[in-house]
Each structure stands twice: as structure tokens, then as C-alpha cells.
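# Residue-level structure breakdown
What follows is the residue order along each chain.
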Amino acid sequence: MSSEPFNKSFSLYERAKLKIPGGVNSPVRAFDPYPFFTRFAKGSKIIDIDGHEYIDYCLAYGPLIFGHAFPPLLEGVKEALERGVIYGTPTEQEVELVEMISRAISSIDMVRLVNSGVEATMHAIRLARGFTKRSKILRFEGSYHGAHDSMLVRSDPNSYGRAIPSSLGIPSGVVDNTFSLKYNDPRSVDELFSKYGSEIAAIIVEPIMANTGLRIPQPNFLNELRRITKQYGTLLIFDEVVTGFRVGLGGAQEYYGVDADLIAYGKVLGGGFPIGVIAGKEEVMTLLSPTGKVYQAGTFSGNPISVTAATIILRELLNNGTKFYSSLEKKRRKIEMRLRDFIRDREIGAVITGISSMFHLSFTNTSGGRKISSSARFSLLFHSLLAAGVFIPPSQSEICFLSAAHDDLDVERTLGFIEEALLKT
Ligand SMILES: Cc1ncc(COP(=O)(O)O)c(C=O)c1O
């Protein structure tokens, strides 16, 4: 890591704040005192404008399973650009891509391409409402399905199961149709359905919850959601924007052996280019316009650059098979096991959780007998790691990702830095 100060990031931040609210174009990128501004990134490293290099476990919040600037991706996209940026007409590549997606995920009959995860979940919800002709949706506390109105909610502390807006600007009428329950508690779902089941269009769930730390489904939770939704004619939507193509080619559906009716994908599939996917069974998907009456559209949907990127990523994943995922998992296991032992042996009030190529460190509200909030302790960890040359997501809610570009040396160095940093928390 360079010993240069952060002068350029600081002055860019001062300029950015004048024209961009908070100086960032997505709130999670902000951190105190100011974020570093990136000059370039390659493989497992991200390099800031002041010359500091970081081993990157944020990986743009998940998409970069092959690491930054993956050479086959760059090459393919450069070639695609020569043929034009966007046409507004269908292309052969779109057909090939959606055929590949349905080959990779056997439960899927049909696919609609969109531009992001938020679009995918928003349209999946509309589609479920259109298909069932019902209005209500159940989601789970702590999940994130993108910043759209019906999902920007939290549980109402005064009315069990009900949701209230978690942002200004959302009319209460919109969230009156959203229920919010605890994740991993199928009994509460059963109870809710016994009252409202016939009004609920869909349950939307992150099968592995990855937006309030990392929460693994308890045995049978997803199966129970499947059973209950079948019983009440409700659709089950898996939000696999994080887990899709990340926990295996078939995502969480394959990992847990539970098929959803609709699935939203994004992140990994585009390799860093914006793409989202709504996928599902033919009888539901054909309700989308123009064949059906659920309207959904997008100028950039299926654009040739994102489609090319997704095709390259998917081809690589298909060619590499399960070996690819098991080698990522091996790195994560090493991190998780070493840190678990370290935390236990030193009696540090912290918990490491991991699955597949994702991991997360969370803190308790005490350290060495002192009261210190978990967020203050996380901030100490984050800044110690940053100073050492390791970039993890700046919020305690976000999780760390591994890529194929992270080598043994990266992992070994990171472990040393995390252990040192943990001692300061
Ligand atoms: C589970 C989940 N769903 C949906 C989204 C929204 O995706 P995007 O930010 O690509 O629109 C995210 C984003 O982090 C997510 O984690």
C-alpha cells in the first residue's frame, strides 16, 4: 500500500458533494470521513486515485465473481461495441443468452431481460399480482429487494406482520399491501396465511439473506414457504440477485432443492455490466406484455453489451462447472475457520458467518468488558483494514465476496490484517 495521503480523494469528494447528494451515486458507497475515489481495478485489487491498492472483498457489491477487468469479458465486450451499442431491436445474442440461462437453471421455462436487480424484483412482484389477481405481498424483515416503493419497508412495531415505509416519499397506501415477518420463522408465515392467505399474491424472499449480514435459511424454512404458497395459490418469488450464479450455477434453488415460481437475478450474471432477469414458468411469464396484460418495458433491456457480457460470464461458468464453485468455497472456508478459531481463542465478541463464496463479520456491543456499540467496532475494523490495504463493504449490513481472482497470498495477507484489526475492536 502506498504511503501517499488521500488528497485527491478528499478534493474530489469536496467537488462531488456540491453536485451529487452526499457525493455518491448510491448511498452505501458513502463512509466517514469520505470515500476513496477509484482510479482503476484489476483482478482482486482496486486502486484509488491517490495510489493506494486494496484487496477488494466488496467487489462492487457482488457482481465480480471472476474479479475486476476479467480479460475474456473485456475482449468480448470490446468486440461487441464495434457492432454498435444498442439497437432497440431483438438480437440473436439475446435468444442465445436466455437459452443458456434456461439450460443452466432447469426450473425455468421463460426469461425476460431487464437492467438491474431492482427492476427484476419490482416486475416479478407486478407479475405475481397480475397472475394471481391479488394485491398483498409478504417479505421478510432485514431483506433488501431493491429501492422500489412496495419493498422499502420495515416491520410495523405497533402492528404485527404489517409494514411501514422505511423511506420518506412512500405513500402508506402502497405499503398497506406489504406484510413483513421475521425470516426463518415458518410458523408466523403459517399464521399470517391462515388469516390472509387468499389475498396474498406472493412471498418474496432472499433464499440466503445477504443484506443484513449473512443469514442462512434454517432447515426446512424454504420448503415450508414452498408448501404454504402452494396450499394458498400464492406465488413464491426467490430474489436471487445476490445468490444467483454465486452459490452455484443453479443458485439457491439448486443449493436447497426448492423451486420458486418466479426468480429475480442480476449481479453475477452481468459480470459488472447492468443486467437483471425475471425468470419463471411459462404460464406466469407469458402474462408479461406483449403476450399478456402485465406491462413491463425498458429501453436498455436486452442491450447487446450487457447481453454479450452475460453470455461470456455464463459460458465461463458452464465450462468451469462445479470445480469453479468448490475452489471459491475452499477460500471462504479457510477464512471462516481461521477467523472463527481466532475469535474464540481471544474471546473477541464477534461472529463470522459464511456460505459458498460469501462471508460476514458481525460484532457484539461489548469488547474486553467495555460497552462499545457494534457499529463503532465495525467502523474500527473497516478503517484498520482500509489502512492495511483491504477493502470490505463500508456498512456492517453488507457482506464480503470472494472472486476467482483472489489467490492464496491475498487470502493469507487478508487473514493477518483482519486478525490484527480484530484485536483493535
Ligand atoms: C437481494 C437483492 N435484491 C435486489 C437488489 C437490487 O439490485 P440492483 O441494485 O442491481 O438494482 C439487491 C442489491 O443489492 C439485492 O441485494
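## Examining the site of the ligand
Around the ligand, the neighbouring residues are S116, G117, V118, Y144, H145, G146, E206, N211, D239, V241, V242 and K267. Within the backbone of Y144, an N or O atom sits 3.4 Å from a nitrogen atom of the ligand. Its free accessible area being 390 Å², the ligand has 81% of it covered by the protein chains. Its residues assigned to classes, the shell around the ligand comprises 4 nonpolar, 5 polar and 3 charged.

## Observations concerning the sheet that holds strand β9 (residues 200-205)
Taken in spatial order, the 7 strands make up an open sheet running β4-β12-β11-β10-β9-β5-β8, and their pairing is mixed. Both edges of this open sheet fall to β4 (110-114) and β8 (178-181), since each of them pairs with a single strand only. With strand direction ignored, the average angle separating the axes of adjacent strands in the sheet is 20°. Here strand β5 (residues 136-140) runs beside β9; their pairing, made up of 3 bridges, is parallel. Bridge pairing links I137 to A202 in β9.

## Section: the packing of aromatic side chains
Given two aromatic rings, their pairing is described by the distance between the two centres and the angle made by the two planes. Per the stated rule, a full pass over the model turns up 18 aromatic pairs. Ring geometry for F179 versus Y196: centroids 4.9 Å apart, planes at 40°, classification tilted. With F179 in strand β8 and Y196 in helix α6 (residues 186-196), the pair connects residues that are 17 residues apart, well separated along the chain. Judged by relative accessible area, Y196 falls into the partly exposed class, the value being 23%. When the centroid spacing of 6.4 Å and the interplanar angle of 20° are considered together, the rings of F378 and F382 count as stacked. One end of the pair, F378, and the other, F382, are both in helix α11 (residues 374-388), 4 residues apart, so they sit about a helical turn from each other. For the pair F378 and F382, a shared accessibility class is recorded, and that class is buried.

## Remarks on helix α2 (residues 71-82)
Compared with the 16 Å implied by 1.5 Å per residue over 12 residues, the 17 Å span of α2 between its first and last C-alpha is a close match. Of the residues making up α2, those classed as buried are L73, G76, V77 and A80. All buried residues of α2 fall inside an arc of 95° around its axis, so they share one side. The outward face of α2, more than 90 degrees from its buried face, is lined by the exposed residues E75, K78, E79 and E82. Close packing links the buried residues of α2 with α10 (304-345). Backbone geometry just downstream of α2 places G84 in the positive-phi region, at approximately 110°.

Scoring rules and cut-offs
- Residues numbered from 1 in each chain as written.
- Predicted model: local features only at pLDDT ≥ 70, side-chain atom pairs only at ≥ 80, totals over all residues.
- Heavy atoms only, no water.
- Near = heavy atom within 4 Å.
- Polar contact = N/O pair within 3.5 Å; in protein donor to acceptor, adjacent residues only side chain to side chain.
- Areas by Shrake-Rupley, 256 points an atom, 1.4 Å probe, with all protein chains shown as cover.
- Nonpolar A, V, L, I, M, F, W, Y, C, P; charged D, E, K, R; others polar.
- Pairing = 2+ DSSP bridges.
- Helix = DSSP H or I, 4+ residues; strand = E, 2+ residues; numbered from the N terminus.
- Axes fitted to C-alpha atoms, helices over the stretch in contact; angles between N-to-C directions.
- Phe/Tyr/Trp six-rings, centres within 6.5 Å; stacked < 30°, edge-to-face > 60°.
- Buried < 20%, exposed > 50% of the residue type's maximum accessible area, 1.4 Å probe, protein only.
- Expected span 1.5 Å × (residues − 1).
- Arc of directions from axis to C-beta.
- Contact = heavy atoms within 4.5 Å.

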